[in-house]
Amino acid sequence: MRIAVLSDIHSNLAALEAVLSDLPAVDEAWVLGDTVGYGPQPNEVIVALQALGARSVLGNHDGAAVGTVDTRPFNPDARRAIEWTAEVIDANSRAYLASLPEVRTDGDLTAVHGSPRNPIWEYIFSDEVAADCPAEFETQLCLFGHTHVPIVFVAAGTDDVEPLASLPDLPVELRGRRALINPGSVGQPRDGNPAASYAILDTDADRVDFHRVRYDIDRTQRLMREAGLPPRLAERLSYGR
Ligand code: ZN
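Criteria and cut-off values
- In this convention, every chain numbers its residues from 1, walking through the sequence in written order.
- Only residues with pLDDT of 70 or above have their local features reported here, since the model is predicted, and side-chain atom pairs are shown and tallied only from 80 upward, although totals for entire chains, interfaces and linings are computed over all residues.
- Hydrogens are left out, water is left out, and the side-chain values use all remaining heavy atoms of the structure.
- Strands pair, by our definition, only if DSSP identifies at least two bridges between them.
- Numbering of helices and strands runs from the N terminus; a helix is a DSSP stretch of H or I covering at least four residues, while a strand is a stretch of E covering at least two.
- Here the axes come from fitting lines to C-alpha atoms, over the contacting stretch only for helices, and the angles between their N-to-C directions go from 0 to 180 degrees.
- Oblique is the label for any angle not under 35 degrees, not over 145, and not in the 65 to 115 range, which are roughly parallel, roughly antiparallel and roughly perpendicular in turn.
- By convention the crossing between two helices is left-handed if the near helix lies anticlockwise of the far one by an angle smaller than a right angle, and right-handed if it lies clockwise.
- Every residue pair with non-hydrogen atoms within 4.5 Å of one another is taken to be in contact.
- Under the scheme applied here, a residue whose accessible area is under 20% of the maximum for its type counts as buried, over 50% as exposed, and between as partly exposed, the area being computed with a 1.4 Å probe on protein chains only.
- Side-chain atoms within 4.5 Å link the members of a nonpolar core, which is a set of buried Ala, Val, Leu, Ile, Met, Phe, Trp, Tyr and Cys residues.
- Stacked, tilted and edge-to-face are the three classes assigned to paired rings of Phe, Tyr and Trp, where Trp is represented by its six-membered ring and a pair needs centres within 6.5 Å; plane angles under 30 degrees give stacked, over 60 edge-to-face, the rest tilted.
- Whether a charge sits over a ring comes down to the Lys NZ or Arg CZ being within 6 Å of the ring centre and within 35 degrees of the ring normal.
- Donor criterion used throughout: N, O or S atom within 2.8 Å of the metal, extended to 3.2 Å for Na, K and Ca. Water excluded; incomplete-looking sites may result.
- In short, tetrahedral needs four donors with all angles between 85 and 135 degrees, square planar needs four and octahedral six donors with opposite donors over 155 degrees apart and all other angles between 65 and 115, and whatever is left is irregular.
- Take a side-chain nitrogen of Lys or Arg and a carboxyl oxygen of Asp or Glu: if they are within 4 Å of each other, that pair is a salt bridge.

Student: Describe in detail the pairing of strand S7 (residues 151-156), supporting the description with residues and values.
Tutor: Alignment of S7 against strand S10 (residues 179-182), held across 4 bridges, turns out to be antiparallel. Opposite Ile-151, over in S10, you have Asn-182 as the bridge partner. The sheet contact formed by S7 and strand S8 (residues 160-164) spans 5 bridges and is antiparallel. When the sheet's bridge partners are listed, Val-154 is paired in S8 with Glu-162. Connecting S7 to the next strand, S8, in antiparallel fashion are 3 residues, including Gly-157 with a positive phi near 70 degrees.

Student: Break down the packing of helix H2 (residues 42-52) against helix H5 (residues 91-98) for me, with residues and values.
Tutor: At their nearest, the axes of H2 and H5 sit 9 Å apart, and the two run at 60 degrees to each other. Accordingly, the angle class assigned to the pair H2 and H5 is oblique. The crossing of H2 and H5 is left-handed. Seen from H2, the contacting residues are Pro-42, Asn-43, Ile-46, Val-47, Leu-49 and Gln-50; seen from H5, they are Asn-92, Ser-93, Tyr-96 and Leu-97.

Student: For unusual backbone geometry, give the residues involved together with the corresponding values.
Tutor: Phi is positive for Asp-8, which is not a glycine, with a value near 45 degrees. Topologically, Asp-8 is positioned in the loop between strand S1 (2-6) and helix H1 (13-22). Exposure remark for Asp-8: the relative accessible area of 0% places this residue in the buried category. In this structure, His-10 is a non-glycine residue whose phi angle is positive, near 50 degrees. Relative to the assigned elements, His-10 resides in the loop between S1 and H1.

Student: Would you mind going over the nonpolar core in detail, with residue names and values included?
Tutor: Leu-6, Leu-16, Val-19, Leu-97, Val-186 and Tyr-215 are the most contacted members of the largest nonpolar core, which totals 45 residues. Counting residues per element, this core draws most heavily on H1, which supplies 6 residues. Formed by 20 residues, the second largest nonpolar core is a distinct cluster that contains Ala-111, Leu-141, Leu-143 and Val-172.

Student: Outline the packing of aromatic side chains, listing residues and values.
Tutor: Applying the stated rule across the entire model yields 2 aromatic pairs. Measuring from ring centre to ring centre gives 5.9 Å for Phe-74 and Trp-121, while their planes differ by 85 degrees; the resulting arrangement is edge-to-face. Of this pair, Phe-74 sits in the loop between helix H3 (60-65) and helix H4 (76-88) while Trp-121 sits in the loop between strand S5 (109-111) and helix H6 (127-132), placing them 47 residues apart in sequence. Taking the relative accessible area as the measure of exposure, Trp-121 reaches 27% and is therefore partly exposed. Its guanidinium or amino end placed over the ring of Phe-137, Arg-178 lies 4.5 Å from that ring's centre, counting from NZ or CZ.

Student: Let's hear about the coordination of the zinc ion: which residues, and what values?
Tutor: In the first shell of the zinc ion, the protein supplies Asp-8 (OD), His-10 (NE2), Asp-34 (OD) and His-148 (NE2), at 2.1 to 2.4 Å from the metal. Considering all 4 donor atoms around the zinc ion, angles at the metal cover 84 to 172 degrees and the coordination shape is irregular. Coordination of the zinc ion draws on donor residues from a single chain, spaced D-x1-H-x23-D-x113-H in sequence. Pair noted here: Asp-8 is in the loop between S1 and H1 and His-148 is in the loop between strand S6 (141-143) and S7, with a separation of 140 residues, a long-range link.

Student: Which residues make up the sheet that holds S1, and what values go with them?
Tutor: An order of S3-S2-S1-S11-S12-S9 is seen for the 6 strands of this open sheet, with the pairing classed as mixed. Every other strand in the sheet has two partners, leaving strand S3 (55-56) and strand S9 (172-173) as the edge strands with one partner each.

Student: Could you give me a rundown of the pattern of salt bridges, with the residues and numbers involved?
Tutor: Throughout the structure, instances matching the rule amount to 9 salt bridges. Residue Arg-219 pairs with Glu-17 through a salt bridge whose shortest N-O separation is 3.1 Å. Separated by 202 residues along the polypeptide, Arg-219 in helix H7 (residues 217-227) and Glu-17 in helix H1 bring together distant segments of the chain.

Student: Residues and numbers for the sheet that holds S8, please.
Tutor: Pairing is mixed across the open sheet formed by 6 strands, whose spatial order is S4-S5-S6-S10-S7-S8. Every other strand in the sheet has two partners, leaving strand S4 (104-106) and S8 as the edge strands with one partner each. Mean inter-strand twist for the sheet, computed between neighbouring axes without regard to direction, equals 20 degrees.

See the structure below:
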């Protein structure tokens, strides 16, 4: 089975559309949370995911938009954007976001936004944090987002992981190993590359590969300015930071 793995779309419809038109034929699409927040088109992004039949989990921004996650840890720009989001989302979006589970498990896959032990808030940036994770999920693979940085951590031994490069067009062979996979961010990449990021997981070949897609960043930035969203949030899209 081929699965499109998307995360951190952050209401960036232009980025999502570019990714959807770049996708190969897939059997399923999994979305690892933070579908809304920061960007200008939350309702349109949710409709697109519904049309795709995406299997999604709840991110911190998604919960904040519907009042189920505390916004106190948010920085001022993120909080302003989520307050704007909470005002503009329609009944369909509100119901969709409120229905999302924190953890989704199916077959060999577990999906969370942050980490398996703290699905909403924990960031898996370091090898040290990643090394604690294999004990926290049961399946072969755990898909995660939240950091906006594409990476694979392969479990090595009982309490260690090996980080593997996630370069475009260089497939990572999983070979039955347990692993944590972050596809990077569709709508607000932070690894210095402004192109939208996503991954394709081939469960038969036991292989994941990463893709980057350029999109119309100006379009998203213009809509953010028109909506009165914080300028810094629009500017960072140009740099992928
Ligand atoms: Zn995010």
